[in-house]
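Single-letter residue listing:
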Amino acid sequence: MTARDDDAPVVLSHPVRAAYLAAEGFEEVLAEELARLGVDIMAWHGRLALSAAPPVAASWALDIWLEPEVHAVGSIGAAVALLRGRQRNWACHAVRHHRRAALIAERLPPVAARPLAFPAAAPTGHLGAWTLLAPDRLLLSTRKSSPFVNGVAPFVEDRVGPPSRAYLKLWEACARLGAWPVPGERCVDLGASPGGWTWVIAQCGAEVVAVDRADLAPEVAAMPGVTLRRESAFGIEPAELGPVDWLFSDIIAYPTRLLALARRWIAAGTAARIVMTVKFQGTTDHETAALFAAIPGGRVLHLWHNKHELTFLWDREAAGRAGSFPGRLPTT
């Protein structure tokens, strides 16, 4: 069975212990990653991969249902009572039985999925997830990895200022971190042209050294606090730029080359935080993605605004804390 067999019945041979939600079109990539992690997929429910194994940190999952339960529900009222009896906030992942799912959702407290106005942190309310496997069978999880409804991170978009839509990836990454550049901080944006991420940093009021051999969009280059260095992002040495609060990179390059770049900056000790896009062409380099995820103080996510790419987030303080370990599962 594949993730696209939405009309096929969901056959569960064992209790569900984890569920992984793939982004549209990335079901096979998620399946490949789970196989590498030794996780068998028992069944697909739309884009939701159901497993009998305990949850693991899967980078290609938009959301991970950490404590799934399957319940028989003989009526809409029984489903509502079950969900309301557990907690207040629930998000529905509707795959089939849409009308019945809508009737259940209408009787639950509404979950406001209003677009965020950046800068803003991700929602902090305790959000559960549920879906109907059959008209009388409900799958729920009171805990999940993403703070967003079905992993979707909506924003009030700026369709005038930024030179490209790449800014949305950085907004989402910062929202997930709960932190963003602020006035008084110094940042570096590697491979900055045409300037989508530089625009975000300057909009936040921080200083930014944009490193690229190509030009920035004129309106970005003219922003206060922006300095352009016409150099190779891979050729410049961290020591040349001195201590920085943030290192950003949205470079198109082979993942192995980006891994070496990230390791070089981390070893130099000059950056307090790193946000880096890891882009894939053709097949997915799962091995290199796993090496990124294994860096202490870091984690790798497939953001809602990512395409065939992952976002590497690293924090120097987290790397130095006792008990910090790679591959952890962030939870709401």
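Residues numbered from 1 in each chain as written. Predicted model: local features only at pLDDT ≥ 70, side-chain atom pairs only at ≥ 80, totals over all residues. Heavy atoms only, no water.

A. Spatial organisation of the pairing of strand 8 (residues 137-141). For strand 8, a buried count of four out of five residues is recorded, marking the element as mostly surrounded by other parts of the structure. Alignment of strand 5 (residues 68-72) against strand 8, held across five bridges, turns out to be antiparallel. Across the sheet, Ala72 pairs through a bridge with Arg137, a residue of strand 8. Here strand 7 (residues 127-134) pairs with strand 8 via five bridges, running antiparallel. Paired with Ala129 across the bridge in strand 8 is Ser141. (Buried < 20%, exposed > 50% of the residue type's maximum accessible area, 1.4 Å probe, protein only. Helix = DSSP H or I, 4+ residues; strand = E, 2+ residues; numbered from the N terminus. Pairing = 2+ DSSP bridges.)

B. Structural detail: the sheet that holds strand 2 (residues 43-45). Here four strands make up an open sheet; going across it, the order is 2-3-1-4 and the pairing antiparallel. Only two strands of the sheet have a single neighbouring strand rather than two, namely strand 2 and strand 4 (61-65). For this sheet, the mean inter-axis angle between neighbouring strands, taken without regard to orientation, is 25°. In this sheet, strand 4 lies alongside strand 1 (residues 18-22) in antiparallel orientation, the contact comprising four bridges. Across the sheet, the residue bridging to Ala19 is Trp65, located in strand 4. (Axes fitted to C-alpha atoms, helices over the stretch in contact; angles between N-to-C directions.)

C. Region of the structure containing the sheet that holds strand 6 (residues 89-92). Spatial ordering of the open sheet is given by 5-8-7-6, a layout of four strands whose pairing is mixed. In this open sheet, the two edge strands, each paired with only one partner strand, are strand 5 and strand 6. Strand-to-strand twist of the sheet, defined as the mean angle between neighbouring strand axes without regard to direction, takes the value 30°. Together, strand 5, strand 6, strand 7 and strand 8 form the strand contacts of helix 2 (residues 76-86), whose direction differs from that of strand 8 by roughly 15°. (Contact = heavy atoms within 4.5 Å.)

D. Layout of helix 1 (residues 27-36). Taken together, the buried positions of helix 1 are Glu27, Val29, Leu30, Ala31, Glu33 and Leu34. On its buried side, helix 1 packs onto strand 1, strand 2, strand 3 (48-51), strand 4 and helix 9 (286-293). Following helix 1 by one or two positions, Gly38 has its phi on the positive side, about 80°.

E. Representation of the packing of helix 4 (residues 167-177) against helix 5 (residues 196-203) in the model. One can describe the packing of helix 4 onto helix 5 by two numbers: an axis separation of 8 Å at closest approach and a directional angle of 50°. The angle between helix 4 and helix 5 falls in the class oblique. Considering only the axes of helix 4 and helix 5, their crossing is right-handed. In contact with Tyr167, Lys169, Leu170 and Trp171 of helix 4, helix 5 contributes Gly196, Trp197, Trp199, Val200 and Ile201. Tallied by class, residues from the contact of helix 4 with helix 5 come to seven nonpolar, one polar and one charged. (Parallel < 35°, antiparallel > 145°, perpendicular 65-115°, else oblique. Left-handed = near helix turned anticlockwise from the far one by under 90°. Nonpolar A, V, L, I, M, F, W, Y, C, P; charged D, E, K, R; others polar.)

F. Quick look at the pattern of salt bridges. Tallying each qualifying case throughout the model produces 14 salt bridges. Asp250 is paired through a salt bridge with Lys279; the nearest N and O atoms lie 3.4 Å apart. Of this pair, Asp250 sits in the loop between strand 12 (244-249) and helix 8 (255-268) while Lys279 sits in strand 13 (residues 271-279), and the two are 29 residues apart along the sequence. What makes Asp250 buried here is its relative accessible area of 15%. (Salt bridge = Lys/Arg side-chain N within 4 Å of Asp/Glu carboxyl O.)

G. Geometry of unusual backbone geometry. Here Phe118 and Pro119 are connected by a cis peptide whose omega angle stands at 5°. By the element assignment, Pro119 lies in the loop between helix 3 (98-106) and strand 7. Across the junction of Ser193 and Pro194, the peptide omega takes the value 5°, indicating a cis bond. We note that His97 has phi near 55°; this positive angle belongs to a residue other than glycine. Following the sequence through the fold, His97 ends up in the loop between strand 6 and helix 3. Residues other than glycine seldom take positive phi values, yet Asn150 does so here, at roughly 55°. Residue position: Asn150 is located in the loop between strand 8 and helix 4.

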